[in-house]
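Coordinates in review
Chain residues, written in single-letter form:
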Amino acid sequence: MDEEQMSTGIYSPKWFLQCFLGRTPFSLTLKLWDAYVLDGERVLTAMAYTILKVHRKRLLKLPLEGLREFLQDSLAQPWALEDEAVLRHLRASMTQLRRMRCDLPPPAGPEEFPTRPLGLEPVSPAPGPLLPSPASEPPPRVEEPASPGPAARPEPPGPPPGQAIVQLAPQPRRWNSLPTLPGQQGARAGREPGEPDARGEGSEGASGRTPSVGLWLLQEVGYCQGMSEIAAVLLMFLPEEDAFWALAQLMVGDRHSMHGFFVPGFPKLLRFQRHHERVLQRALPDLRKHMDEEQMSTGIYSPKWFLQCFLGRTPFSLTLKLWDAYVLDGERVLTAMAYTILKVHRKRLLKLPLEGLREFLQDSLAQPWALEDEAVLRHLRASMTQLRRMRCDLPPPAGPEEFPTRPLGLEPVSPAPGPLLPSPASEPPPRVEEPASPGPAARPEPPGPPPGQAIVQLAPQPRRQRALFCVLAAYSLYDTEVGYCQGMSEIAAVLLMFLPEEDAFWALAQLMVGDRHSMHGFFVPGFPKLLRFQRHHERVLQRALPDLRKHMDEEQMSTGIYSPKWFLQCFLGRTPFSLTLKLWDAYVLDGERVLTAMAYTILKVHRKRLLKLPLEGLREFLQDSLAQPWALEDEAVLRHLRASMTQLRRMRCDLPPPAGPEEFPTRPLGLEPVSPAPGPLLPSPASEPPPRVEEPASPGPAARPEPPGPPPGQAIVQLAPQPRRQRALFCVLAAYSLYDTEVGYCQGMSEIAAVLLMFLPEEDAFWALAQLMVGDRHSMHGFFVPGFPKLLRFQRHHERVLQRALPDLRKHMDEEQMSTGIYSPKWFLQCFLGRTPFSLTLKLWDAYVLDGERVLTAMAYTILKVHRKRLLKLPLEGLREFLQDSLAQPWALEDEAVLRHLRASMTQLRRMRCDLPPPAGPEEFPTRPLGLEPVSPAPGPLLPSPASEPPPRVEEPASPGPAARPEPPGPPPGQAIVQLAPQPRRWNSLPTLPGQQG
């Protein structure tokens, strides 16, 4: 074993830690546990010796990998010996080792025994008020009072000095003793044992929630992207409480110390990345050279490898085994597995260009590998051995910035903790320290927490996050044209860093609609101001930096790739943060000219470097690398900015052309149109007309005039938590789910309804959706019923079209195992929504509404025909990415040219008699009458009013007037007619609740 470098540390941990659990056949393991319980530790040493003695001849013939596999894995398979024979060998081994005086190891040292009393922990400076309710009394002692009943059990002694009995030890037995919300603790503190709490549960039923506790324990880390996947893996195998403590151990334990991966600046990640580059330079120099030539930085693919131990980057079954190794062997698994991946796939990686390297190392590795998991683990062990010999198995030691600097569970006291969102009549919050109890108690008052620290009060939502939500929600209702658009949250967050909540709202409103900044045009649909600034930026480049503009055109580097974040957010996240704050100061003072000047300054300052970069390098630098610290100081950059503003002013290029009317608000801010029938959408049965939102005039002496009422047809908006368009989408989909109970709601319908709502009012959008679903021309009902029969029929027809019209492409796709089921569902289910550029998609929907289903088959054929040459060169992963993702990017062809190709394809397929698939079967059509639903056993009391009468029959009584129209037949048995007619004229005739219907 020494010659094969087979350390006992490879196979023995599970033997001794768990008394051979999972390392011997289970029936034998149970017998070994019986012996271990009776005879103690000598069973461990004797059984380890027995295993090696019994299998000695076989082990002498095995190499390193065979030894590891046999001692770790194969022993769990059934043995040739019966369990009783193994136990006889065990007894003989125990006798032999006792004679040799080797039956037990040397005596244990003091470090192996508990040093703290079990169930006790040190008294914190302020032991009681962990989560106090403002008016809570000092918490009672945790020790249970002596039972008044007759009991001979002596009173347990008190804890030693400096100790207090708690419910939680460092490894607590009860999850519900973790920090809880303030409202829960007060109810819990004074309860008697077994007394139900406010929710009607006993003391054993209340429990805190893991995320809140995690944020409480590690205030420096809080929550960082990537932690959720780790916690999810732990919860797959551990109950909630154990998963929490396992996460805490991973974060701050000596073996793993993942805290440094997630603190601001990610120091441990950077340390591992630098070490990974050194390993590549020494062990795989040819691959390192190739990646440098392709400008493939390790920072592109390695963060997920190290932050999450390959979660989502390797097949899941392999990832679980890697986590087992990581838990046992610690950080060296990360460096060894990163090296193993590149070593195993080295030949393939040497042939790939930059985009192929990125796609393979980020995405394709998660697909099943050609190697079995056990083979990969053998490679991993070999890599660990190789790196240990090279002394590269671990990176250099960690610096202090990777370890916690604050006591776990404490956070600084804010200067004004209470009044961020005060209730109007709230009193100043009490001090966190509990007042001294007035009762006679000899127990001294505990000292307060350390200076600048307070026991944290857990809240379900952080204050700053809640403030950000409130500002954005309020603005979305204040300016209904913009609502909320991606990018506004970062702007609001910057404002909240320096302003209170209300001031931040008005500052955001001023930035959006004020004359100096007028950012409204950046965020309205169509982004007209962004397009205007991008066109102007291109003109500036053409005049001031023609060589760089020519280079970017040759590399096909469009300004639309890097400039949206520059102009939409004034370089937030695109320049170092300290510089960004100074740019915002300049933007607030000087307005829009700062945007054009700073965009020009960035390209001018980095011009020489940019002229040498290829397309991928340009994209990475202008999108990502600029956010890293620059070689220039912030003040030097600002001097360049001022010089650029002067230069552009002389060139008369400091501002783009004047804005058009589409960039300004067209609706009064804070107002929305009154609907024709404002009340009955979701009325309460006895609701009065809503009062006016304007406050009544103050009776005091005020010279301020009364604000005028809204213009005719307008009403002051009543803030609701749900935007109108979102509510309209919900109403349309909910109504259709009642109208067509066979389909109900299926994924994919929401995008179709959203497109209809872009052009139609709510009621018309509902009936348009119904016509698309059940009309003869489109009949999309079959796409969404269970089993998706129409989708399968169109996919089979699409394969036949490929076989006849594009046989070479079909053959290539078959060789690459590219099934049509991978890319075609969105094509047919939603008529290419999200799969082609949006402007083209709208034109396709126009054609689909007019020409029906033949557009789907023709457009699917057109896409493959137009891109045939490119598709023939792509491997499986490239085919998948192109047909699922890349098609949504702008095409080289204009939309009108694509439509001409579509018409030609429709003609070609009609001549081939392939323009439509075979006729539909009965499973694609509705089998239940539309607008009918089964009568429930108790039809009335869904939401009855307390004194409501039984609901009348839904059918209208026959009109007494002279009418020759025959009485319509009643519904089939077990069915009741709802109020929906095939084409009603009033939206409020949709199905209503029984209490409203009468």
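Residues numbered from 1 in each chain as written. Predicted model: local features only at pLDDT ≥ 70, side-chain atom pairs only at ≥ 80, totals over all residues. Heavy atoms only, no water.

1. Overview of the overall build of the protein
The number of helices and strands found in the protein is 44 helices and eight strands. Here the contacts in the protein between residues at least 6 apart in sequence split such that 76% fall between residues at least 24 apart. Accessible area of the protein: about 56200 Å², with a carbon and sulfur share of 58%. (Helix = DSSP H or I, 4+ residues; strand = E, 2+ residues; numbered from the N terminus. Contact = heavy atoms within 4.5 Å. Areas by Shrake-Rupley, 256 points an atom, 1.4 Å probe, with all protein chains shown as cover.)

2. So, the UniProt feature "domain: Rab-GAP TBC" (unreviewed entry) in the protein
UniProt records the feature "domain: Rab-GAP TBC" (unreviewed entry) at residues 1-40, 313-591 and 620-852, using the numbering of this structure. Each end of residues 1-40 is marked by a C-alpha atom, and these two atoms are 28 Å apart; helix forms 60% of the span and strand 0%. (UniProt positions renumbered as here; feature names shortened; annotations may be inferred.)

3. Looking at a nonpolar patch on the surface
Residues Leu21, Phe26, Leu30, Trp33 and Val37 make up a contiguous nonpolar surface patch of roughly 490 Å² in combined accessible area. Structurally, Leu21 is set in the loop between helix H1 (8-17) and helix H2 (26-39). (Patch = residues over 30% accessible without salt bridge, like charges linked within 9 Å, V, L, I, M, F, W, Y side chains within 5 Å. Salt bridge = Lys/Arg side-chain N within 4 Å of Asp/Glu carboxyl O.)

4. A short note on helix H5 (residues 64-72)
Judged by how many residues are buried, H5 sits mostly within the fold: seven of nine residues are covered. Contact partners of the buried residues in H5: H1, helix H3 (42-54), helix H4 (56-60) and helix H19 (373-389). (Buried < 20%, exposed > 50% of the residue type's maximum accessible area, 1.4 Å probe, protein only.)

5. Thoughts on helix H30 (residues 615-623)
Taken residue by residue, H30 has Glu616, Gly617, Leu618, Phe621, Leu622 and Gln623 as its buried positions. In this structure, the buried side of H30 is in contact with helix H18 (354-362), helix H25 (546-554), helix H26 (559-568), helix H28 (593-605) and helix H29 (607-611).

6. Some remarks on the packing of H1 against H5
H5 packs onto H1 with a crossing angle of 5° between their chain directions and a minimal axis gap of 9 Å. The angle between H1 and H5 falls in the class roughly parallel. Each of Ile10, Tyr11 and Trp15 in H1 lies in contact with H5, whose residues at this interface are Arg68, Leu71 and Gln72. For the contact of H1 with H5, a count of residues per class yields four nonpolar, one polar and one charged. (Axes fitted to C-alpha atoms, helices over the stretch in contact; angles between N-to-C directions. Parallel < 35°, antiparallel > 145°, perpendicular 65-115°, else oblique. Nonpolar A, V, L, I, M, F, W, Y, C, P; charged D, E, K, R; others polar.)

7. Some thoughts on the packing of helix H32 (residues 724-739) against helix H34 (residues 762-774)
Where H32 meets H34, the closest approach of the two axes is 10 Å, and the angle between their N-to-C directions is 40°. Between H32 and H34, the crossing angle belongs to the class labelled oblique. In this structure, H32 meets H34 at a crossing whose hand is right-handed. Between H32, through Ala728, Cys731, Val732, Ala735, Tyr736 and Tyr739, and H34, the contact on the second element is made entirely by Glu762, Ala765, Phe766, Trp767, Leu769, Ala770, Met773 and Val774. Of the residues belonging to the contact of H32 with H34, the class tally is 13 nonpolar, no polar and one charged. (Left-handed = near helix turned anticlockwise from the far one by under 90°.)

8. Quick notes on unusual backbone geometry
A positive phi angle, close to 45°, is found at Ser518, a residue other than glycine. Classification of Ser518 by relative accessible area gives buried; the value is 9%.

9. What to know about the packing of aromatic side chains
Evaluation of the coordinates by the stated rule reveals 29 aromatic pairs. Note on Phe505 and Trp506: the rings are 4.8 Å apart at their centroids and 75° apart in plane angle, and the pair reads as edge-to-face. Relative accessible area serves as the criterion here: at 11%, Phe505 is assigned to the buried category. By way of ring pairs, the aromatic residues Tyr475, Tyr478, Phe505 and Trp506 are connected into one cluster. If you follow Lys529 out to its NZ or CZ, it ends over the ring of Phe522, 5.0 Å from the centre. Here Lys790 stacks its cationic end above the ring of Phe783, 5.1 Å away from the centre of that ring. (Phe/Tyr/Trp six-rings, centres within 6.5 Å; stacked < 30°, edge-to-face > 60°. Lys NZ or Arg CZ within 6 Å of the ring centre and 35° of its normal.)

10. Examining the confidence of the model for the protein
Residues at a pLDDT of 70 or more form 73% of the protein, whose mean pLDDT is 77. Between residues 123-216, whose pLDDT stays under 50, and residues either more than four places distant or in other chains, the model counts 142 contacts. Predicted confidence is poor over residues 411-460, with pLDDT under 50, and the contacts of this stretch with residues over four places away or in other chains come to 70 contacts. (pLDDT = per-residue confidence, 0-100.)

11. Concerning the environment of Thr29
Summarising the element assignment, Thr29 is placed in helix H2. Overall, Thr29 belongs to the buried group, its relative accessible area being 0%. Note: C-alpha distance between Thr29 and Ala76 (47 residues apart in sequence) is 9.5 Å. Each residue touching Thr29, except ones within four places of it in the same chain, is listed here: Cys19, Phe20, Leu21 and Thr24.

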